[in-house]
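Given next are the chains, with one letter for each unit.
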Amino acid sequence: MSRQRAAQLEYSEFQSAMLDEEKRRRKAAKIIAVLGHFLGAQDPARPLAGLTVADIGCSAGFIADELAGAGASRTFGVDIDVPGLRKAADRFGERVEFVCADGGALPFPDGSIDVLVFNHIYEHVVDPDAVIKDMHRVLSDDGVLYLGLGNRLGVMEPHYKLPFLSYLPPAAADRYVRAFGRADSYYERFRTRGGLRRMLRDFHVWDYTFPVLASPEQFAGGELFPGAVGRAAKGTLERAPRTALQALLPIVPTYLWVATRRPRRPRGPALPQPPEPVRTP
């Protein structure tokens, strides 16, 4: 029998990736570049200038610190990971306000946050729909929500590096991770693209997945693969017909989406593969 899911109160204590500073700061650079493109930021060094920003699921605070460094007038880091929050406050507390709070009951007034970041968090929380609902509440009318979303149909599960793990029902997934000595049980719950679209049904959403893959240098990233293979992959993605890329969407391992309460369009420069709207129910 699979154990009942409960809040992961000390996530950084058993997921070392949350304390990998270099990797977390690289992710932050990509997040900030995507936000800057969507917002049409004029100053690439301070694309979040004057905005109130919150990183939901901030853990040890590396991404929140980078958001503050991107010009935010006020930056919050929110999590229930108390050990992670302590580390974050010790290092970054002078320019980031860290708050221990559940994502489904955010400690902010309605419409008070200009930019929210929710990066690879939804699969860990007990009720992601409640978190999305409360982020909708606190986001300002002209605000922007950045979402890094794992896909249940991505072949390689990102946390335990086991193929097809996320495809399995809970009891079978528990046996799978135990058989390979990765964990006692499989906690994470991913959704398909259709499930994610339904989760974001109250938002207007733009998909940045292929823009980032096809133009990594514009989004603070490197090639998909080094050397000639990477250059060939980048060239293929740049020139591929959008219909061909769309056929791959159901199995893309990670989606990068930007969501807003009211209809808005990306304001950044033209890209080989432009962002496209995501149809939500």
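Residues numbered from 1 in each chain as written. Predicted model: local features only at pLDDT ≥ 70, side-chain atom pairs only at ≥ 80, totals over all residues. Heavy atoms only, no water.

- The chain has the name Methyltransferase domain-containing protein in an unreviewed UniProt entry, where Microtetraspora malaysiensis is given as its organism.

## Re the overall build of the chain
Part 1: Counting secondary structure elements, the chain contains 10 helices and eight strands.
Part 2: Computed over C-alpha atoms, the radius of gyration of the chain comes to 18 Å, within 12% of the 19 Å expected from 2.2 N^0.38 for 281 residues, which places it in the range of a compact globule.
Part 3: Within the chain, the fraction of its 281 residues that count as buried is 51%.
Part 4: A fraction of 72% describes how many contacts in the chain between residues 6 or more apart in sequence connect residues 24 or more apart.
Part 5: As displayed, the chain offers around 13200 Å² of accessible surface, 54% of which is attributable to carbon and sulfur atoms.
Part 6: Within the chain, one finds 37 positive and 33 negative side-chain charges whose respective centroids are separated by 6 Å. (Helix = DSSP H or I, 4+ residues; strand = E, 2+ residues; numbered from the N terminus. Rg over C-alpha atoms; globule rule 2.2 N^0.38 Å. Buried < 20%, exposed > 50% of the residue type's maximum accessible area, 1.4 Å probe, protein only. Contact = heavy atoms within 4.5 Å. Areas by Shrake-Rupley, 256 points an atom, 1.4 Å probe, with all protein chains shown as cover. Lys, Arg positive; Asp, Glu negative; His and termini not counted. Charge placed at Lys NZ, Arg CZ, Asp CG, Glu CD.)

## Description of the sheet that holds strand β2 (residues 74-79)
Part 1: One open sheet accounts for eight strands, arranged β3-β2-β1-β4-β5-β7-β6-β8; its pairing is mixed. The strands lining the two open edges of the sheet, one partner per strand, are β3 (97-100) and β8 (276-278). Across the sheet, the mean angle from the axis of one strand to that of its neighbour is 25 degrees, orientation sign disregarded.
Part 2: One ladder, built from four bridges, connects β2 with β3; its direction is parallel. Within the sheet, the bridge partner assigned to Val78 lies in β3 and is Val99.
Part 3: The sheet strands contacting helix α4 (residues 82-92) are β2 and β3, and the helix crosses β3 at an angle near 165 degrees.
Part 4: Strands in contact with helix α5 (residues 128-138) are β1 (52-56), β4 (113-119) and β5 (139-150); relative to β5, the strand with the most contacts, it is inclined by about 150 degrees. (Pairing = 2+ DSSP bridges. Axes fitted to C-alpha atoms, helices over the stretch in contact; angles between N-to-C directions.)

## A few points about the side chain of Thr52
Part 1: With respect to the helices and strands, Thr52 occurs in strand β1.
Part 2: If we ignore the near neighbours within four places in the chain, the residues touching Thr52 are Ser73, Arg74, Phe76, Ser112, Ile113, Asp114 and Val115.

## Remarks on the pattern of salt bridges
Part 1: This structure, assessed with the given rule, holds 14 salt bridges.
Part 2: Residue Glu97 is joined to Arg74 by a salt bridge in which the shortest nitrogen-to-oxygen separation is 2.6 Å. Within this pair, whereas Glu97 is found in strand β3, its partner Arg74 is found in strand β2, the two being separated by 23 residues in sequence.
Part 3: Taking the relative accessible area as the measure of exposure, Glu97 reaches 34% and is therefore partly exposed.
Part 4: What emerges from the salt-bridge pattern is a single network uniting Glu21, Arg25, Asp65, Glu66, Arg91 and Arg95. (Salt bridge = Lys/Arg side-chain N within 4 Å of Asp/Glu carboxyl O.)

## Details of the nonpolar core
Part 1: Residues Leu116, Phe118, Met135, Leu145, Leu147 and Leu200 are the most contacted members of the largest nonpolar core, which totals 44 residues.
Part 2: Beyond its immediate sequence surroundings of up to four residues, Leu200 is in contact with Ile132, Leu145, Leu147, Val205, Ala259 and Thr280.
Part 3: In this structure, Ile32, Val34, Leu39 and Leu271 belong to the second largest nonpolar core, which totals 25 residues. (Core = buried A, V, L, I, M, F, W, Y, C linked by side-chain atoms within 4.5 Å.)

## Quick look at the packing of aromatic side chains
To describe a pair of aromatic rings, you give the distance between the ring centres and the angle between the ring planes.
Part 1: For the structure shown, the criterion picks out eight aromatic pairs.
Part 2: Summarising the aromatic geometry, the rings of Tyr160 and Tyr186 are spaced 5.7 Å apart at their centres and angled 75 degrees between planes, so their arrangement reads as edge-to-face. Placement of Tyr160 in the loop between β5 and α6 (170-179) and of Tyr186 in the loop between α6 and α7 (193-199) is noted, with a sequence separation of 26 residues between them.
Part 3: Arg193 extends its terminal NZ or CZ atom over the ring of Tyr255, reaching a point 5.1 Å from the ring centre. (Phe/Tyr/Trp six-rings, centres within 6.5 Å; stacked < 30°, edge-to-face > 60°. Lys NZ or Arg CZ within 6 Å of the ring centre and 35° of its normal.)

## Regarding the pairing of β4
If a strand is regular, its side chains alternate between the two faces of the sheet.
Part 1: Counted residue by residue, β4 has six buried out of seven residues, so it is predominantly covered.
Part 2: Of the strand pairs in this sheet, β4 and β5 are connected by six bridges, and their pairing is parallel. In the sheet register, Asn119 faces β5, and the bridge partner there is Gly148.
Part 3: Between β4 and its parallel partner β5, the chain crosses via α5, and the hand of that crossover is right-handed. (Right-handed = clockwise from strand over helix to strand, strands pointing away.)

## Describing the environment of Pro216
Part 1: Of note, Pro216 is situated in the loop between α8 (209-214) and α9 (227-239).
Part 2: Owing to a relative accessible area of 8%, Pro216 belongs among the buried residues under this scheme.
Part 3: The spatial distance from the C-alpha of Pro216 to the C-alpha of Asp102 is 33 Å, given a sequence separation of 114 residues.

## Description of the pairing of β5
Part 1: Within β5, 10 of the 12 residues are buried, which leaves it mostly tucked inside the rest of the structure.
Part 2: Taken together, the six bridges between β5 and strand β7 (residues 254-260) define a ladder with antiparallel strand orientation. Within β7, the residue paired with Gly148 across the bridge is Leu256.

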